Amino acid sequence: MTNFFAFSGFLNFIVSLFLGILVYLKGRKIFANKIFALDAFSVVLWSFGYFFWQISTNPNSALFWSKFLMAGAIFIPIFYFHFIVSFLNLVEKYKEVLYGGYVLSLFFLISSFTPYFVRGVEPELFFPFWPKPGIFFHPFLLMFFSFIVYGWYLLLKSLRETKQTIRKQQIKYFLLGTGIGFLCGSTNYFLWYDIPIPPYLNIFVSLYVVLTTFAILKYHLFEIRVILTELLVGGMGLIWLVFSFLMPTVNLRILTFLTFFLFCIFGYYLIKATYEEEKRREEAERMAVQERALRLRTERLAGARDQFILSSQHYFRTPLTSIIGYLEMVLEENLYGKLPQKAKEKLNNVSQSVQELRKRIEESLSIVAFQAGKGILNLEETQIEDLVKKAVEDLRILAQKKNLFLKLKLPKDSLPKIKLDKEKITEALTNLIENGIKHTNEGGVTIGLEHKKEKNSVLFWVKDTGIGISKEELPEIGKVPFQRGKEAKELTLLGKGIGLYLSRLIVEAQGGKLWAESEGIGKGSVFYVELPVK
Ligand code: ADP
């Protein structure tokens, strides 16, 4: 049996030596890593002594190695604590504690050469030479557990506060590693106090070094769940295997071995499933991070765009207003003298183009402003009949030029007042009437207003006898800017496909709805605007 314990010491020795060197070489630049390497070397000294103590054949040698192993163990808790506070960037805060811890550990180290730390060795259970505590051993034990527990507490605290995923993972590994390592290592202390529990779990001490090293050196860490599953499956598998050898009959041995084999298959799939699930979760997390970054970027861009809209209105308007002003002044006969007829004609053309340019700029900027939800509305109680009457009158000449009738059907009773932006809604409704005239060659355009009492809304409609809209184009009408119907393109090349889109934005910004109906090509169309009465 003692061979098993000697082996556990040997295993801890080899693992800690190898990983301690690895951490030291790989993480030399990081202070916390150096401290951890020191802690791993303390475990090396301890397990080295542990091995020779276990294989000692006489009390003198056993006592010597007991003292040796304890001398190694004395610095484990303070190095561990130092490592934790360095990792958490708390060294400044715990400077005094660290200082005190080192002084105390040094004191225990000196005392470990005297009989006051290890008083002697005695037989315990199946061990021929188990060390017995001297007077200083008890406060050492207190210090040992205080540092371990306090380090754990600090780790737990920062686990809750840390937001970085990788750091969180690292902390989880530290917690697990130190948890297993120190709990298992502590099983050594029972026999010092005659409690008959042998240190079966000593063999797991090096897991502390393994998990911590892993967390320090590996950038990418798997979720602790995967490691836990692996440990559980591995541990159970080991026990199962040992059992199958211990079975009394060959038949039972074969049976247990077979079940062990089945367990291995099951374990393999369990680990694989946990691993895959973890990978999926990590992927989802990564995508969430990317999405967040993208959203932030979009928000920033939207902010920049809104700023652009607000400043560009002013930016474009100012020079245009002066051009129009100067043109008017030049065209004014009395101001700078008479212009030659040809020049006057050309300047009139310039004036018209500039007005058109201004209209287009205003429209485009309004569209962008409404799209961005920044369209500024100047709402006031409005008697909508007045606006519509005026719009119809303004367009009468256009209709007459095309020999079209232009009728307005008003309800008998006056309509309820609606809160509207007069200027903008006039723009939208005028555009619909103008479109009716534009897209009609024979017949004419009828405009109507109705009070929809059941819906508490006002319905405005424009019905023409024009080119109509095909069934395919109907649902899309006015939903996308710069979109023009096939028939309309044939009728006139002038359109821009902007007016209807802007009208829809204006209507919707005031809580209304805009839609079109048509029986088909050549059968005329009706455009509706429904505005709620609030
Ligand atoms: P534009 O008239 O400058 O082309 P609009 O945005 O006002 O731009 O209209 C977009 C398109 O909607 C038009 O090109 C045409 O295809 C269709 N449309 C608009 N009004 C009518 C109408 N009264 N009859 C038939 N089609 C229309």
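Everything here concerns the structure above.
Residues numbered from 1 in each chain as written. Predicted model: local features only at pLDDT ≥ 70, side-chain atom pairs only at ≥ 80, totals over all residues. Heavy atoms only, no water.

A.B. asks: With reference to specific residues and values, describe helix H13 (residues 384–401).
C.D. replies: Between its terminal C-alpha atoms H13 stretches 27 Å, which fits the 26 Å expected from 18 residues at 1.5 Å a residue. Considering bend angle alone, the principal kink of H13 is centred on Leu395 and spans about 40°. Restricting attention to buried positions, one finds in H13 the residues Ile384, Glu385, Leu387, Val388, Ala391, Val392, Leu395 and Ala399. (Helix = DSSP H or I, 4+ residues; strand = E, 2+ residues; numbered from the N terminus. Expected span 1.5 Å × (residues − 1). Bend = angle between axes of the 7 residues up to and from the residue. Buried < 20%, exposed > 50% of the residue type's maximum accessible area, 1.4 Å probe, protein only.)

A.B. asks: Can you explain unusual backbone geometry? Please cite residues and give values.
C.D. replies: A negative phi angle characterises most non-glycine residues, just as the trans form characterises most peptide bonds. In this structure, Leu125 takes a positive phi of about 45° despite not being glycine. Residue Leu125 is classed as partly exposed on the basis of its relative accessible area, which comes to 46%. Here Asn403, not a glycine, exhibits a phi torsion of approximately 60°, which is positive. Note that Asn403 resides in the loop between H13 and strand S4 (405–409). Classification of Asn403 by relative accessible area gives exposed; the value is 70%.

A.B. asks: So what's going on with the side chain of Thr256? Which residues, and what values?
C.D. replies: On the secondary structure map, Thr256 appears in helix H10 (residues 250–331). The class of Thr256 is buried, set by a relative accessible area of 13%. The residues touching Thr256, leaving out its near neighbours within four places in the chain, are Trp240, Ser244 and Met247. (Contact = heavy atoms within 4.5 Å.)

A.B. asks: Help me get a handle on H10, residues and values and all.
C.D. replies: Note that an α-helix has 3.6 residues per turn; residues three or four places apart therefore point the same way. In this model, H10 (82 residues) spans 118 Å end to end at C-alpha, consistent with the 122 Å of a helix rising 1.5 Å per residue. At Ser311, H10 shows its largest kink, close to 30°.

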